[in-house]
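As a plain string of letters, each chain reads:
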Amino acid sequence: MPTAITTLRSTLATALANTAVWSVFNHIPEIPQANSLVIANDDPYILVNSNVKTAIAPTVRFKLFLLVPLMDNLGNQTKLEDFYLAVMQKLAGSGLTINITSFSAPAILETPSGNLLQSEAGIEIISEWS
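Residues numbered from 1 in each chain as written. Predicted model: local features only at pLDDT ≥ 70, side-chain atom pairs only at ≥ 80, totals over all residues. Heavy atoms only, no water.

1. Considering the nonpolar core
Ranked by size, the top nonpolar core spans 24 residues in total, and within it L12, L64 and V87 carry the most contacts. Secondary-structure elements contributing two or more residues to this core are α1 (5-16), β3 (36-48), β4 (58-69), α2 (73-92) and β7 (114-128). Considering every element that reaches this core, the biggest residue donor is α2, with 6 residues. Setting aside chain neighbours within four positions, we find V87 in contact with L16, W22, L37, L64 and L66. (Core = buried A, V, L, I, M, F, W, Y, C linked by side-chain atoms within 4.5 Å. Buried < 20%, exposed > 50% of the residue type's maximum accessible area, 1.4 Å probe, protein only. Helix = DSSP H or I, 4+ residues; strand = E, 2+ residues; numbered from the N terminus. Contact = heavy atoms within 4.5 Å.)

Have a look at this one:
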């Protein structure tokens, strides 16, 4: 079911909420935190399909940044794989029309509060203009 662009970020954050496991930020926080999921605009942000005569349905693109503590390689990989699975399950149950483009290879993110391991997921959501 399409969700309006004006409320889409909040709707996505609510769908991805998992308070016992991670924090969800519907914006880029000043200092990224371990065990969090950050929703950011992708580029291009909004795609417009104007070839349809009955409606012009926008596709909104986001990047999800999955952040976990930096541990040994196996611990990091296992935690991120669990994170991927949980995110996929949350998105499947969200009721949103979503295309997940990919999950990136893990990379180290240096922050003032310590190093994190991050992975990115690209998603596209069919939305509506309201």
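Still more to cover.
2. Focus on the environment of S127
Topologically, S127 is positioned in strand β7. Remark: the alpha-carbon pair of S127 and I98, spanning 29 residues in sequence, is separated by 9.7 Å.

3. Comments concerning unusual backbone geometry
The linkage connecting D43 with the following residue, P44, adopts the cis geometry, with an omega of 0 degrees. Examined against the element boundaries, P44 turns out to sit in strand β3. Residues other than glycine seldom take positive phi values, yet N35 does so here, at roughly 55 degrees. Its place among the elements puts N35 in the loop between β2 (23-25) and β3. Residue N35 is classed as partly exposed on the basis of its relative accessible area of 23%.

4. Here's the deal with the packing of aromatic side chains
Under the defined criterion, the tally for this structure stands at 3 aromatic pairs. Taking 4.6 Å as the distance between ring centres and 20 degrees as the angle between the ring planes, the aromatic pair formed by W22 and F83 counts as stacked. You can see W22 sitting in the loop between α1 and β2 and its partner F83 sitting in helix α2, a full 61 residues away along the chain. Both residues of the pair, W22 and F83, count as buried. With a centroid separation of 4.4 Å and an interplanar angle of 35 degrees, the aromatic rings of Y84 and F103 are classed as tilted. (Phe/Tyr/Trp six-rings, centres within 6.5 Å; stacked < 30°, edge-to-face > 60°.)

5. Some words on the packing of α1 against α2
Two numbers describe a pair of packed helices, the interaxial angle and the distance between the axes. α2 packs onto α1 with a crossing angle of 120 degrees between their chain directions and a minimal axis gap of 8 Å. One finds that α1 runs oblique with respect to α2. Two packed elements cross with a definite hand, and for α1 against α2 that hand is right-handed. Across from L12, A15 and L16 in α1, the residues of α2 making contact are V87, K90 and L91. Grouping the amino acids of the contact of α1 with α2 by side-chain chemistry returns 5 nonpolar, no polar and 1 charged. (Axes fitted to C-alpha atoms, helices over the stretch in contact; angles between N-to-C directions. Parallel < 35°, antiparallel > 145°, perpendicular 65-115°, else oblique. Left-handed = near helix turned anticlockwise from the far one by under 90°. Nonpolar A, V, L, I, M, F, W, Y, C, P; charged D, E, K, R; others polar.)

6. Digging into the pattern of salt bridges
This structure, assessed with the given rule, holds 3 salt bridges. As a salt-bridge pair, R61 and D42 come within 3.4 Å of each other at their nearest N and O atoms. With R61 in strand β4 and D42 in strand β3, this residue pair connects regions lying 19 residues apart in the sequence. For the pair shown, R61 and D42 are each scored as buried. (Salt bridge = Lys/Arg side-chain N within 4 Å of Asp/Glu carboxyl O.)

7. Looking at α2
The terminal C-alpha atoms of α2, which comprises 20 residues, lie 29 Å apart, in line with the 28 Å expected from a rise of 1.5 Å per residue. Of all the positions in α2, only N76, L80, F83, Y84, A86, V87 and L91 are classed as buried. Against α1, β3, β4, β5 (98-103) and β7 lie the buried residues of α2. (Expected span 1.5 Å × (residues − 1).)

Distances and angles like these do not, on their own, reveal function.
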